[in-house]
Amino acid sequence: GSCGASTSTTVMSAATSTTTTAAATTSIAEVRTVARSCISRDVGRTFPSYRYFSDSGGGKTALANILLAYATYAPNVGYVQGMSFVAGVFLLLGCKEEEAFWLFAATLKEYRFDTFYVDGIPGLKRHMY
């Protein structure tokens, strides 16, 4: 799978599906697997010069947890490359993992940044044109 719009599309399809709960759960589980793979690759590229995000700093694990939780929390958005820098800022500011998650989720929703990450990237297009 790809790290991007197809991840959120698959989750959205599973979330809005009228099929059985087991089928939707399987689809979400599969998407979580793809998201986890993409997140683990992207977390290593996020703020690499900061000690907190080094292998021994603890930041990589916290960031991965936040991003995977968000992909599950907002299946219409899922996980898309680039989110790690937005979420990582809250960790760098000293927020605990749970606080950072809620700030990240609220920021994406309140300021409509979530529209930068959904299929067709309407928020980005709106700000560019």
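Residues numbered from 1 in each chain as written. Predicted model: local features only at pLDDT ≥ 70, side-chain atom pairs only at ≥ 80, totals over all residues. Heavy atoms only, no water.

J.: What is the right way to look at the overall build of the protein in this model?
T.: On a plain count of helices and strands, the protein comes out with six helices and zero strands. When the helices and strands of the protein are listed from N to C terminus, the series reads α-α-α-α-α-α. For the protein, contacts bridging at least 24 residues in sequence account for 62% of all contacts bridging at least 6. (Helix = DSSP H or I, 4+ residues; strand = E, 2+ residues; numbered from the N terminus. Contact = heavy atoms within 4.5 Å.)

J.: I would appreciate a short explanation of the packing of aromatic side chains in the present structure.
T.: A ring pair, where both rings are aromatic, is described by two values, the distance of the centres and the angle of the planes. According to the stated counting rule, one finds nine aromatic pairs in the structure shown. For the ring pair Phe47 and Tyr50, a centre distance of 5.6 Å and an interplane angle of 85° mean the geometry is edge-to-face. Residue Tyr50 is classed as partly exposed on the basis of its relative accessible area, which comes to 43%. Look at Phe47 and Phe85: their rings are 5.0 Å apart centre to centre, the planes differ by 75°, and that puts the pair in the edge-to-face class. Residue Phe47 is found in the loop between helix H2 (21-43) and helix H3 (59-73), and its partner Phe85 is found in helix H4 (residues 83-92); the two are separated by 38 residues along the sequence. Classification of Phe85 as partly exposed rests on a relative accessible area of 38%. An aromatic cluster is built from Phe47, Tyr50, Tyr52, Phe53 and Phe85, whose rings are joined through pairwise contacts. (Phe/Tyr/Trp six-rings, centres within 6.5 Å; stacked < 30°, edge-to-face > 60°. Buried < 20%, exposed > 50% of the residue type's maximum accessible area, 1.4 Å probe, protein only.)

J.: I keep staring at the side chain of Asp42 and nothing clicks. Help me out?
T.: With respect to the secondary-structure elements, Asp42 resides in helix H2. For Asp42, the residues in contact, after removing those within four places along its chain, are Tyr79, Gln81 and Ser84.

J.: Please explain H3 as it appears in this structure.
T.: Residue pairs three or four apart in sequence face the same way in an α-helix, which turns once every 3.6 residues. With 15 residues, H3 extends 21 Å between its outermost C-alpha atoms, agreeing within 8% with the 21 Å of an ideal straight helix rising 1.5 Å per residue. If you check which residues of H3 are buried, you get Gly59, Ala62, Leu63, Ile66, Leu67, Leu68, Tyr70 and Ala71. (Expected span 1.5 Å × (residues − 1).)

J.: Just checking my understanding: could you explain the confidence of the model for the protein for this structure?
T.: Low-pLDDT stretches of the model should not have their predicted coordinates read in fine detail. Confidence along the protein averages 77 in pLDDT terms, with 67% of residues attaining 70 or more. Taken as a whole, residues 5-24 scores under 50 in pLDDT and shows 25 contacts with residues more than four places along the chain or in a different chain. (pLDDT = per-residue confidence, 0-100.)

J.: Where do I start with the nonpolar core in this structure?
T.: The nonpolar side chains of a soluble globular protein tend to be buried, and buried together. Formed by 26 residues in total, the largest nonpolar core has its most connected members in Leu67, Tyr70, Tyr79, Met83 and Phe104. Ranked by the residues each element gives to this core, the list is headed by H3, at seven residues. (Core = buried A, V, L, I, M, F, W, Y, C linked by side-chain atoms within 4.5 Å.)

J.: Sorry if this is basic, but what is going on with the packing of H3 against helix H5 (residues 97-110) here?
T.: In contact at an axis separation of 10 Å, H3 and H5 are set at 45° when each is read in the N-to-C sense. Relative to H5, the element H3 is oriented oblique. The hand of the H3/H5 crossing is right-handed. Only Glu97, Ala100, Phe101, Trp102, Phe104, Ala105 and Leu108 of H5 make contact with H3, whose side of the interface consists of Ala62, Asn65, Ile66, Leu67, Ala69, Tyr70 and Tyr73. (Axes fitted to C-alpha atoms, helices over the stretch in contact; angles between N-to-C directions. Parallel < 35°, antiparallel > 145°, perpendicular 65-115°, else oblique. Left-handed = near helix turned anticlockwise from the far one by under 90°.)

J.: Even after reading the chapter, I still don't get the packing of H3 against H4, so can you show me in this structure?
T.: A pair of packed helices is captured by two measures, namely the crossing angle of their axes and the spacing between those axes. The interhelical angle for the contact between H3 and H4, taken along N-to-C directions, is 120°, at an axis separation of 10 Å. When the interaxial angle is binned, H3 and H4 end up oblique. Two packed elements cross with a definite hand, and for H3 against H4 that hand is right-handed. Between H3 and H4, the contacting residues are Gly59, Ala62, Leu63, Ile66, Leu67 and Tyr70 on the first element and Met83, Ser84, Ala87, Gly88 and Leu91 on the second. Across the contact of H3 with H4, the residue classes tally to eight nonpolar, three polar and no charged. (Nonpolar A, V, L, I, M, F, W, Y, C, P; charged D, E, K, R; others polar.)

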